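Geometric and topological summary
Spelled out from the first residue to the last, the chains are:
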Amino acid sequence: MVKISVILPVYGVSAYIEKCTASLLSQTLQEMEFLFVDDHGPDNSIELVQKMIENHPRKDQFRFLKPEHNMGAGMARNFGIPYATGEYISFVDSDDWVEPTMFEELYNKASALHTDLCCCQMQKVYPDGHKGDILQNPHIPEGPITQESRRHFLSNYVSLFASFIYRREWILEKQIAFPEDRCADDSYFVSCVVMQAQSISYVNKPFYQYLIRPGSVCTTKDSTKYQKRLTVFGKLMSYAKQQNIYQEFQPEVDFLYIKKGYLSSVFNYITNSTTPTSQTIRSIKDELVKQVPHYKDNPYLKSKMSMRCLIWLINAMPQLASKIIKPYARRKEMTV
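Predicted, not measured: the structure shown is a model, and the values here were computed from it.

On to the packing of aromatic side chains. Under the criterion given, the structure shown has 17 aromatic pairs. A centroid spacing of 5.3 Å and a plane angle of 85 degrees characterise the contact between Phe 91 and Phe 178, whose relative ring orientation is edge-to-face. Separated by 87 residues along the polypeptide, Phe 91 in strand 4 (residues 88-91) and Phe 178 in the loop between helix 6 (168-174) and helix 7 (185-196) bring together distant segments of the chain. Phe 178 shares its class with Phe 91; the two are buried. Aromatic side chains Phe 153 and Tyr 157 sit 6.5 Å apart centroid to centroid with 20 degrees between the ring planes, which places their arrangement in the stacked category. According to the relative accessible area criterion, Tyr 157 is buried, its value standing at 2%. An aromatic cluster of three or more residues is present, and its members are Phe 91, Phe 161, Phe 164, Tyr 166, Phe 178 and Phe 189.

Here it is in structure tokens:
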């Protein structure tokens, strides 16, 4: 029986994929499969993996899938899900790597507590080898997720979708998938997961090594990406309403849009634009008002003075806000 299926989208990562593959080959959990989705990249990434495994005892655990055309990372992950056979599925980006016991420890914990999800921490790593912050989502009690815990998680989560394993049958049952828009697809996926999951467990160790590198999807500048982000979080609002989640968790879902839809879009636009304009910043505000008409009354926003002041500054003096936000975002690596 396959315990965990790992899905990896592959595009233009020949400089990194061998380290990623080596970390998969060294996993202490034996009952695994690795699904590499060839997303029509410009280099020989897939060939490098095939060469690495050709005489390896785990060769038969590797499967190579290829859609008809380039899809982007999110849709490539979706493409792999129906081919997975594991009790749980997980996602690894092919320029990152994982510690040897990651999947064994996550599976053992999830299996022991019969949870839909189990997650670990992420370790930021830079190309020169030095390590940055350890990233983790808010901790809520293990086991069944109470409504109060769900509220706390929704209003505070970071995303870190690759730090989770997900019970496969549950993902299929809830029809949770990455959006086709090539932006914020990880935040969308984790949001849907958190809205729907019934139980969670943790292994509080930094198993996942998250490489911060120039040229990756999350560090590439694109002055129009904010439009895709707004679209994705608009879809998330629709998903919450269609699933009858919005009625019960409106303050949390609205705050999620304020923070990850509106504010992140403003930061994205200002940081990635050479000459940000007040008109575009105001158009992003128009989307906020459209999705969350009474955003000023949101209880989570009311409790965060700094966020309220920032929104006021953006609305009242967008050009001054641009001058303040751009250097701050660069220091915080907020380029998406």
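This part covers the nonpolar core. By size, the foremost hydrophobic cluster in this structure holds 105 residues, and its most contacted members are Ile 4, Phe 36, Phe 91, Phe 103, Tyr 166 and Tyr 262. Counting residues per element, this core draws most heavily on helix 9 (residues 250-272), at 11 residues.

What follows deals with the sheet that holds strand 7 (residues 122-125). Strand order in the open sheet formed by four strands is 5-12-7-8, with mixed pairing between adjacent strands. Unpaired on one side and paired on the other, strand 5 (97-98) and strand 8 (131-135) mark the two borders of the sheet. Alignment of strand 5 against strand 12 (residues 208-211), held across two bridges, turns out to be antiparallel. Bridge pairing in strand 12 links Trp 97 to Gln 209.

Over its 12 residues, helix 4 (residues 102-113) extends 17 Å from the first C-alpha to the last, a length consistent with the 16 Å expected when each residue adds 1.5 Å. When helix 4 is considered as a whole, its buried residues turn out to be Met 102, Phe 103, Leu 106, Tyr 107 and Ala 110. Seen end-on, helix 4 carries its buried residues on one side only, within an arc spanning 105 degrees. A positive phi of about 55 degrees marks His 114, the residue just after helix 4.

Applying the stated criterion across every chain yields a total of zero disulfides. Free of any disulfide, Cys 120 has its nearest neighbouring cysteine sulfur in Cys 119, separated by 6.9 Å.

Glancing now at the sheet that holds strand 4. Pairing within the open sheet is mixed, and its eight strands lie in the order 3-2-1-4-10-6-11-9. The open sheet has two edge strands with one neighbour each: strand 3 (62-65) and strand 9 (143-144). Bridging between strand 1 (residues 4-10) and strand 4 involves four bridges; their strand directions are parallel. From the neighbouring strand, Ile 4 faces strand 4, where its bridge partner is Tyr 88.

It is worth spelling out the pattern of salt bridges at this point. Enumeration according to the criterion identifies 12 salt bridges in this entry. Across the pair Arg 63 and Glu 33 runs a salt bridge whose closest N-O atoms are separated by 3.2 Å. Here Arg 63 is found in strand 3, whereas its partner Glu 33 is found in strand 2 (residues 32-38), with 30 residues between them in sequence. By relative accessible area, which is 6% here, Glu 33 ends up buried. Taking the shortest distance from any N to any O, the salt bridge between Lys 109 and Glu 142 comes out at 2.8 Å. Here Lys 109 is found in helix 4, whereas its partner Glu 142 is found in the loop between strand 8 and strand 9, with 33 residues between them in sequence. Look at Glu 142 and you get partly exposed, because its relative accessible area is 34%. Each of Arg 77, Asp 93 and Asp 185 takes part in one network of salt bridges that share partners.

What follows deals with helix 3 (residues 73-80). Looking only at helix 3, the buried set comprises Gly 74, Ala 76, Arg 77, Asn 78 and Gly 80. As for helix 3, its buried residues are in contact with strand 1, strand 2, strand 3, strand 4 and helix 7.

Take the packing of helix 5 (residues 147-156) against helix 7 next. Axis angle and axis distance: for two packed helices, these are the angle between their axes and the distance between the axes, and together they describe the pair. Relative to each other, helix 5 and helix 7 sit at 170 degrees, their axes nearing to 9 Å. Of the possible angle classes, the one that applies to helix 5 and helix 7 is roughly antiparallel. Taken together, the residues of helix 7 that come into contact with helix 5 (itself represented by Arg 150, Phe 153 and Leu 154) are Ser 191, Val 194, Met 195 and Gln 196. In terms of residue class, the contact of helix 5 with helix 7 is built from four nonpolar, two polar and one charged.

Cut-off values and rules
- Residues numbered from 1 in each chain as written.
- Predicted model: local features only at pLDDT ≥ 70, side-chain atom pairs only at ≥ 80, totals over all residues.
- Heavy atoms only, no water.
- Phe/Tyr/Trp six-rings, centres within 6.5 Å; stacked < 30°, edge-to-face > 60°.
- Helix = DSSP H or I, 4+ residues; strand = E, 2+ residues; numbered from the N terminus.
- Buried < 20%, exposed > 50% of the residue type's maximum accessible area, 1.4 Å probe, protein only.
- Core = buried A, V, L, I, M, F, W, Y, C linked by side-chain atoms within 4.5 Å.
- Pairing = 2+ DSSP bridges.
- Expected span 1.5 Å × (residues − 1).
- Arc of directions from axis to C-beta.
- Disulfide = S-S within 2.5 Å.
- Salt bridge = Lys/Arg side-chain N within 4 Å of Asp/Glu carboxyl O.
- Contact = heavy atoms within 4.5 Å.
- Axes fitted to C-alpha atoms, helices over the stretch in contact; angles between N-to-C directions.
- Parallel < 35°, antiparallel > 145°, perpendicular 65-115°, else oblique.
- Nonpolar A, V, L, I, M, F, W, Y, C, P; charged D, E, K, R; others polar.

Keep in mind that these numbers describe shape and distance, not what the molecule does.
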